[in-house]
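Structural overview for review
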Amino acid sequence: MEALGGGLGGLWNSNHLFRKRPKKPESKSKSKSSDSAAATGRAGYRFPLKQAVTAGSLALAGDTIAQLRERWTKREPLNTDSNALTKDVMWTLLSDHDWIRALRMTSYGFLFYGPGSYAWYQYLDYALPKQTMGNLILKIVLNQIVLGPTVIAVVFAWNNLWQGKLSQLPEKYQKDALPTLLFGFRFWIPVSALNFGVVPLQARVAFMCLGSIFWNFYLSSTMSK
């Protein structure tokens, strides 16, 4: 838009019709304001790459920790010899990593959670701009009854789509959606209170993704059933 605005400004300055009218600079100023407003409006519709990369990276980190934990709990008894113990630990940590599962979680964070939650938090701040206790409570409630179920619905669907089990999705929802949602309430309500009450807008997606590292311990195991 800067290049476009500069081009229009040069054209207007070379036009004698505009130079003869003293009020034209006001029109030019209005046009620049319009260009600036248009640029601002268009910028609001850009894909939030930073938030998407943040969410994808932290989703990958959370899933990696979840997989390591699962393999560690299923490991055979370790050798007591120190050298053998080191090898056993490294083998347990590095072997049989499910990269498809990791890619599922990473793509979910990048494509859905990062951009979606960023847009959601922007909307909440637009609709409830005042930092009052009432607005804080309302944001937390809306976060749980709107964003929470949406996240569970999308991540379950994304997981089943990757596994080619879309036909089993209704059964998955019936079996695991409500317990997951209720567990999420106990975890995310305190986190959301901190998120809306303390964390600035530009850092909220990252903060919630950091919380999701712990959440992935539960969510990944639920999706793997």
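Heads up: these notes are all about the structure in this document. Remember, predicted model here, so these are calculated numbers, not experimental data. Position numbers for residues count from 1 along each chain, tracking the sequence in the order it is written. Local features are withheld for residues below a pLDDT of 70 in this predicted model, meaning they are given only at 70 or higher, and side-chain atom pairs are given and counted only at 80 or more; totals for whole chains, interfaces and linings count all residues. The side-chain values count all of the structure's non-hydrogen atoms but skip hydrogen atoms and water molecules.

Some words on the overall build of the chain
The test is simple: Numbering of helices and strands starts at the N terminus; helices are DSSP runs of H or I of at least 4 residues and strands are runs of E of at least 2. Accessible area is worked out with a 1.4 Å probe on protein chains only. A residue is then buried under 20% of its type maximum, exposed over 50%, and partly exposed in between. By definition, residues are in contact when any of their heavy atoms lie within 4.5 Å. The Shrake-Rupley method, run with a 1.4 Å probe sphere, supplies the accessible areas, and residue values consider only the shown protein chains as cover.
What the chain contains, in helices and strands, is nine helices and zero strands. Seen in sequence order, the chain has helices and strands lined up from the N terminus as α-α-α-α-α-α-α-α-α. For the chain, the proportion of its 225 residues judged to be buried stands at 33%. Pairs at least 24 residues apart make up 71% of the contacts formed inside the chain by residues separated by at least 6 positions. Split by element, the accessible area of the chain, about 14,000 Å² in all, is 65% carbon and sulfur.

Some details on the nonpolar core
Rules: The criterion is simple. A nonpolar core is a set of buried Ala, Val, Leu, Ile, Met, Phe, Trp, Tyr and Cys residues joined through side-chain atoms within 4.5 Å.
One finds Tyr113, Tyr121 and Phe156 to be the most contacted residues of the largest nonpolar core, which totals 29 residues. Going through the elements one at a time, α4 (49–73), α6 (99–127), α7 (133–162), α8 (169–197) and α9 (204–223) are the ones with two or more residues in this core. Setting aside anything within four residues of it in sequence, one finds Tyr113 in contact with Ala55, Tyr108, Tyr118, Tyr121, Val151, Met208 and Cys209.

Observations concerning the pattern of salt bridges
Formally: The rule for a salt bridge is simple: a side-chain nitrogen of Lys or Arg has to be within 4 Å of a carboxyl oxygen of Asp or Glu.
The full count for this structure, using the stated rule, is five salt bridges. Across the pair Arg101 and Glu70 runs a salt bridge whose closest N-O atoms are separated by 3.0 Å. Pair noted here: Arg101 is in helix α6 and Glu70 is in helix α4, with a separation of 31 residues, a long-range link. Across the pair Lys139 and Asp125 runs a salt bridge whose closest N-O atoms are separated by 2.8 Å. Of this pair, Lys139 sits in helix α7 while Asp125 sits in helix α6, placing them 14 residues apart in sequence. Across the pair, Asp125 and Lys139 agree in class, each one buried. Salt bridges here are not isolated pairs; linked through shared partners, they connect Asp63, Glu70 and Arg101.

Concerning the side chain of Arg101
Here is the rule we go by: Whenever a nitrogen or oxygen atom comes within 3.5 Å of another N or O atom, the pair is scored as a polar contact, on the condition that within protein one atom can donate a hydrogen and the other can accept it, and that pairs from neighbouring residues in sequence are kept only if both atoms are in side chains.
You can call Arg101 buried: its relative accessible area is 7%. Here the side chain of Arg101 touches Glu70 through a polar contact of 3.0 Å, side chain to side chain.

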